[in-house]
Amino acid sequence: MKIIIIGAGVGGLATYHAFRKYLPQARLEIYDGHPSPLKSNELIGGGISLGPNGQRTLASFLPSALSTIRERAFEYSGIAFANADGKVITNIPFGSKERYKYGQLMTTRAMVHEVLLREDAEMDGRVHWCMKVSRVWEKDNTVCVRFEDGTVEECDVLIGADGARSQTRNAIFGEEYKPFYDGLTGFGGFVPLTSLSRFTQDAIKNAIPSITMGRVGAFGYSPITPHNSTSKVLFWFSHSEIEKPLPRDTPRADMMPLLLKRHGSWKSIYDDPKDPENTLFKQIITVACTGKEHNNWFMLPRFYTPLLPHWTSLHGLSKEGSETRMPSSKGTGRIILLGDAAHAMPPEGAQGVSCAFEDALTLALLLKHYLPQDLTTSHPQDALVGEDIAKACKSYEDIRMPRVNKIISEAREKADRKREISWVQDKIREIVIWVFSWLPESYMNDEIFAYDVEDSVAKYLGVSKDSL
Ligand SMILES: Cc1cc2nc3c(=O)[nH]c(=O)nc-3n(C[C@H](O)[C@H](O)[C@H](O)COP(=O)(O)OP(=O)(O)OC[C@H]3O[C@@H](n4cnc5c(N)ncnc54)[C@H](O)[C@@H]3O)c2cc1C
């Protein structure tokens, strides 16, 4: 059986590794529209959280990668919330090692991506880089994929792990669920601790991740390097309402007045009382907008897709996805979406990578459960295999969609709290955050962080976890 994975981002690579473990007989091919990041000096992406659930998932199909990530990341268990007057409102628990076995990690997208690529010495060479997909469609019991260079490949199952602007998704929905700008733009980057004032360096070196909420947006910062690192780095981000997304190539220096206007008068507990004008926020913004490290900066207008009604082609194909170029209510389920292609989520959920790992493992376990043991041959005409794939798709959607949709809805509510608000709303928000901090961690976090993919799949299938 031949399985093609489109997209060698975090989700696509995780899928590749999970399938290699659970479907070792399947022939896997992985394609990406960009060059290998290992051949570039650019640091692609900003900081990401890897929750206890994401780590538990990765541990079950690639434990060595998890160990490497844990060695290089910053581990924490709570977030400090502060107001723009420099007052810490409260610390909220956010995934402790004692409770969930794995503490929350803050790290870079680039590092997680690189670890998944370097995990297997051959991995980088296995990916067909610079192969951009232009169309995906179903034909009888196969899936066809055309690349921009005109090449067409066929396979038995195609996994669309091609991100928020997924071309694969068009095969199922056409343009119907295309991403929309949510009115918030994120700015962020990495600042070496040594670039801040001596006072701030000493004060902040043992800080936990912090989010300061003001009436015109939010500003967060977090260590991104391990506790024992000798060259500590801070990740920072600012989310603000901006009516129209700024052009991607807007120079950093042009952002400085905008960021200073929003956060320049904000205070923090790490400000030097003897130098009150040189606040932490002003220092970070200045270093970020004028420092030499161009790679250490990003501006990301936030685009999301509406919640999709399904994640596989089982329920029908768009004009684009049907061979006859006529929308069809019949699909075989051989096109399956995963990661951001199925559910691009706001960063407030801090679950983008963790949920992509969960998707990958769930799908691998389900395909292993339903498909015949011998996957060495291609089965395009085999009606039985088609039924098995359809069962796997339905189970995948039943297990994954309710969980992920709930995470997205909660993240969107949190994102809305970063929009511009009145003084009264600001104070009410502070009280709400403070009240939340009194709730037990089990109530706040168990549903997301204690989640175990293997338990969930075993329960759904009515089998024991050991038999998966
Ligand atoms: C450049 C970048 C920066 C990011 N930065 C952050 C961040 O700072 N913080 C955060 O929380 N999350 C970030 N994310 C999102 C985070 O990586 C995802 O939420 C999570 O890893 C799940 O990703 P994914 O693999 O499903 O999708 P993605 O990470 O988007 O990967 C999709 C892959 O598909 C490839 N692709 C897309 N279209 C095509 C096509 N037509 N043909 C072939 N290949 C295609 C892309 O090149 C990419 O490698 C970033 C994503 C990207 C792509």
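This text follows the structure it describes.
Calculation criteria
Residues numbered from 1 in each chain as written. Predicted model: local features only at pLDDT ≥ 70, side-chain atom pairs only at ≥ 80, totals over all residues. Heavy atoms only, no water. Core = buried A, V, L, I, M, F, W, Y, C linked by side-chain atoms within 4.5 Å. Buried < 20%, exposed > 50% of the residue type's maximum accessible area, 1.4 Å probe, protein only. Helix = DSSP H or I, 4+ residues; strand = E, 2+ residues; numbered from the N terminus. Contact = heavy atoms within 4.5 Å. Salt bridge = Lys/Arg side-chain N within 4 Å of Asp/Glu carboxyl O. Near = heavy atom within 4 Å. Polar contact = N/O pair within 3.5 Å; in protein donor to acceptor, adjacent residues only side chain to side chain. Pairing = 2+ DSSP bridges.

Draft legend 1. Examining the nonpolar core more closely. Ranked by size, the top nonpolar core spans 111 residues in total, and within it Ile-3, Phe-19, Leu-58, Leu-116, Leu-158, Ile-159 and Phe-357 carry the most contacts. With 11 residues, the top contributor of residues to this core is helix 12 (residues 352–370). Look past the residues within four positions of Leu-116 in its chain and what remains in contact with it is Val-10, Leu-13, Ala-14, His-17, Leu-58, Leu-62, Ala-65, Met-123 and Phe-357. Membership of the second largest hydrophobic core comes to 26 residues, among which are Val-191, Trp-236, Leu-259 and Trp-297.

Draft legend 2. The arrangement of the pattern of salt bridges in detail. Across all of its chains, the model carries 22 salt bridges by this definition. Ionic pairing is found between Arg-302 and Asp-182, a salt bridge with its closest N-O pair at 3.7 Å. Highlighted residues: Arg-302 in strand 17 (residues 297–304) and Asp-182 in strand 13 (residues 180–192), separated in sequence by 120 residues. For Arg-302, a relative accessible area of 4% puts it in the buried group. Its relative accessible area of 14% is what places Asp-182 among the buried residues. For Glu-447, the salt bridge identified is with Lys-406, shortest N-O distance 2.8 Å. With Glu-447 in helix 15 (residues 441–449) and Lys-406 in helix 13 (residues 383–416), the pair connects residues that are 41 residues apart, well separated along the chain. Several salt bridges converge on common partners, so that one network encompasses Glu-358, Asp-359, Arg-400 and Arg-403.

Draft legend 3. Quick peek at the site of the ligand. Contacts to the ligand come from 28 residues, most closely from Gly-11, Asp-32, His-34, Gly-46 and Asp-340. For the ligand, a nitrogen atom lies 2.9 Å from a polar atom in the backbone of Val-133. Asp-340 places a polar main-chain atom, nitrogen or oxygen, 2.8 Å from an oxygen atom of the ligand. Within the residue set of the shell around the ligand, elements represented by two or more residues are helix 1 (10–22), strand 3 (47–50) and helix 12.

Draft legend 4. Just the pairing of strand 15 (residues 217–223), in detail. Of all seven residues that make up strand 15, seven are buried, and the element is covered over most of its length. Residues Gly-217, Phe-219, Tyr-221 and Pro-223 point to one face of strand 15 and Ala-218, Gly-220 and Ser-222 to the other, with burial holding for every one of them. Here strand 14 (residues 210–214) runs beside strand 15; their pairing, made up of five bridges, is antiparallel. Note that in strand 15 the partner of Met-213 across the bridge is Ala-218. What sits between strand 14 and strand 15 in their antiparallel hairpin is a turn of two residues. As judged from the six bridges shared by strand 15 and strand 16 (residues 233–241), these two strands associate in the antiparallel manner. Its bridge partner being in strand 16, Gly-220 is matched across the sheet by Phe-237.

Fair warning: the whole summary comes from geometry, so function is off the table for now.
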